[in-house]
Amino acid sequence: MRLARVAHSDGVSFVALEPDPAAPQEKVLAIEIDQHPFGDPTFTGRRWPMADVRLLAPILPTKVVCVGKNYAEHAREMGGEPPENPVIFLKPSTSVIGPNAAIKLPPNSERVDFEGELAAVVGQPCKDVPEARGTEVLLGYTIANDVTARDQQQADGQWTRAKSYDTFCPLGPWIDTALDPADLGIRTELDGELKQQSRTSLLLHDVAGLVSWISRVMTLLPGDVILTGTPAGVGPMRPGQQVSVSIDGLGTLTNPVQQGS
């Protein structure tokens, strides 16, 4: 199932998208889910053509848990060797935006980078999840861009300020509940120019292992998002540019870049 969150003439709703959203837009329907998409969702009977709704971030998490240096080549381009264990950090919920919403560059940063990533969405409250059950607690997968003020990350020596600005966590366009994350192509383009290209099979710590590791540190709640790490090739964005992250089976997340105030 493809799950999304949309704005429509009556407000905002969780929806299921049928048939596949890759079909021509005029043939795709957004079918309203009653209340929330967790567990066994029920439907209200209301539906809208995709042309009549606007895609929002597919989920509003209580927290976004990110994994740093989870591709070997990215660890090396950052100036170090791959870590033995996952390196985790948090982005606030206020950093989340949806497809086509603007990434706003803070005026006090000289370099803000894109970081295309596979994101896993938690589907149930969980703590101390065994690795063998790591993917069982997930609702599904979506696309993320872990936007980073690189100069501030390097200046601070830790990552909170650089990762936490409003608009620094684009998510979308939807959540796929049936995707196998083991070996997916991932690509990032800036104004149509390929900047990142890799496969999720090259993750140093796979999705199940990440869920287990993180859940031993903190309780994960329905809707929480785990960013699994970015491949090599990160680089700066400028106002007026457009960044697109594509993952096999998930589509493309596109956001324009603007100067913030």
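The following refers to the structure shown. (Residues numbered from 1 in each chain as written. Predicted model: local features only at pLDDT ≥ 70, side-chain atom pairs only at ≥ 80, totals over all residues. Heavy atoms only, no water.)

Counting its secondary structure elements, the chain contains four helices and 20 strands. Here the C-alpha radius of gyration of the chain, 18 Å, is about what a compact globule of 261 residues would show, namely 18 Å. Taken over the C-alpha atoms alone, the chain extends approximately 55 × 45 × 30 Å along its principal axes. Split into buried and exposed, the 261 residues of the chain put 55% on the buried side. Of the roughly 11100 Å² that the chain leaves accessible, carbon and sulfur atoms contribute 49%. Once the 22 positive and 32 negative side-chain charges of the chain are each reduced to a mean point, those two points are 3 Å apart. (Helix = DSSP H or I, 4+ residues; strand = E, 2+ residues; numbered from the N terminus. Rg over C-alpha atoms; globule rule 2.2 N^0.38 Å. Buried < 20%, exposed > 50% of the residue type's maximum accessible area, 1.4 Å probe, protein only. Areas by Shrake-Rupley, 256 points an atom, 1.4 Å probe, with all protein chains shown as cover. Lys, Arg positive; Asp, Glu negative; His and termini not counted. Charge placed at Lys NZ, Arg CZ, Asp CG, Glu CD.)

This paragraph deals with the sheet that holds strand β16 (residues 193–199). One open sheet holds the five strands; their spatial order is β9-β20-β19-β15-β16, and the pairing between them is mixed. Looking at strand neighbours, the two that pair on one side only are β9 (103–105) and β16, the edges of this open sheet. Shown here is a sheet whose adjacent strand axes are inclined to one another by a mean of 20°, direction ignored. Relative to strand β20 (residues 251–259), β9 is paired through three bridges, and the arrangement is parallel. Among the inter-strand pairings, Ile103 is bridged to a residue of β20, identified as Val257. (Pairing = 2+ DSSP bridges. Axes fitted to C-alpha atoms, helices over the stretch in contact; angles between N-to-C directions.)

On to the packing of aromatic side chains, then. For the structure on display, the rule yields two aromatic pairs. With 5.0 Å between their ring centres and 75° between their planes, Phe89 and Trp159 make a pair best called edge-to-face. Taken together, the residues span a long stretch of sequence, with Phe89 in strand β7 (residues 87–91) and Trp159 in the loop between α2 (150–156) and α3 (160–163) at a distance of 70 residues. With a relative accessible area of 11%, Phe89 lands in the buried category. Considering the side-chain rings of Tyr165 and Phe168, the 5.2 Å spacing of their centres and the 55° angle between planes classify their relative orientation as tilted. (Phe/Tyr/Trp six-rings, centres within 6.5 Å; stacked < 30°, edge-to-face > 60°.)

Bringing the layout of surface pockets into the picture now. It is a probe the size of a water molecule, rolled over the atoms, that shows where empty space is left. When its volume is computed, the largest pocket comes out at roughly 220 Å³. Along the walls of the largest pocket sit 17 residues, with Lys69, Met78, Arg150, Gln153 and Trp159 positioned nearest its centre. Where the lining of the largest pocket is concerned, the elements lending two or more residues are β6 (64–68) and α2. Take the lining of the largest pocket: its biggest share by element is three residues, from α2. Considering only residue class, the lining of the largest pocket consists of four nonpolar, seven polar and six charged. (1 Å grid on protein atoms, 1.4 Å probe; cavity = no way out; pocket = protein on both sides within 12 Å on 5 of 7 lines; lining within 4 Å. Points joined across faces, edges and corners; volume = space filled by probe spheres on them. Nonpolar A, V, L, I, M, F, W, Y, C, P; charged D, E, K, R; others polar.)

Attention now moves to the environment of Met78. Residue placement: Met78 occurs in the loop between α1 (72–77) and β7. Given the relative accessible area of 30%, Met78 is considered partly exposed. For Met78 and Val234, which are 156 residues apart along the polypeptide, the C-alpha to C-alpha distance reads 9.5 Å. Contact partners of Met78, with chain neighbours within four places excluded, come to Lys69, Arg150 and Val234. (Contact = heavy atoms within 4.5 Å.)

The subject of this paragraph is the side chain of Gln196. Inspection of the secondary structure assignment puts Gln196 in strand β16. Residue class for Gln196 comes out buried when judged on its relative accessible area of 1%. There is a polar contact of 3.1 Å between the side chain of Gln196 and the backbone nitrogen of Gly116. Only 2.8 Å separates the side chain of Gln196 from the side chain of Thr188, close enough to count as a polar contact. Gln196 has contacts with Phe114, Glu115, Gly116, Ile186, Arg187, Thr188, Thr230, Pro231, Ala232, Gly233 and Val234, leaving out every residue within four places of it along the chain. (Polar contact = N/O pair within 3.5 Å; in protein donor to acceptor, adjacent residues only side chain to side chain.)

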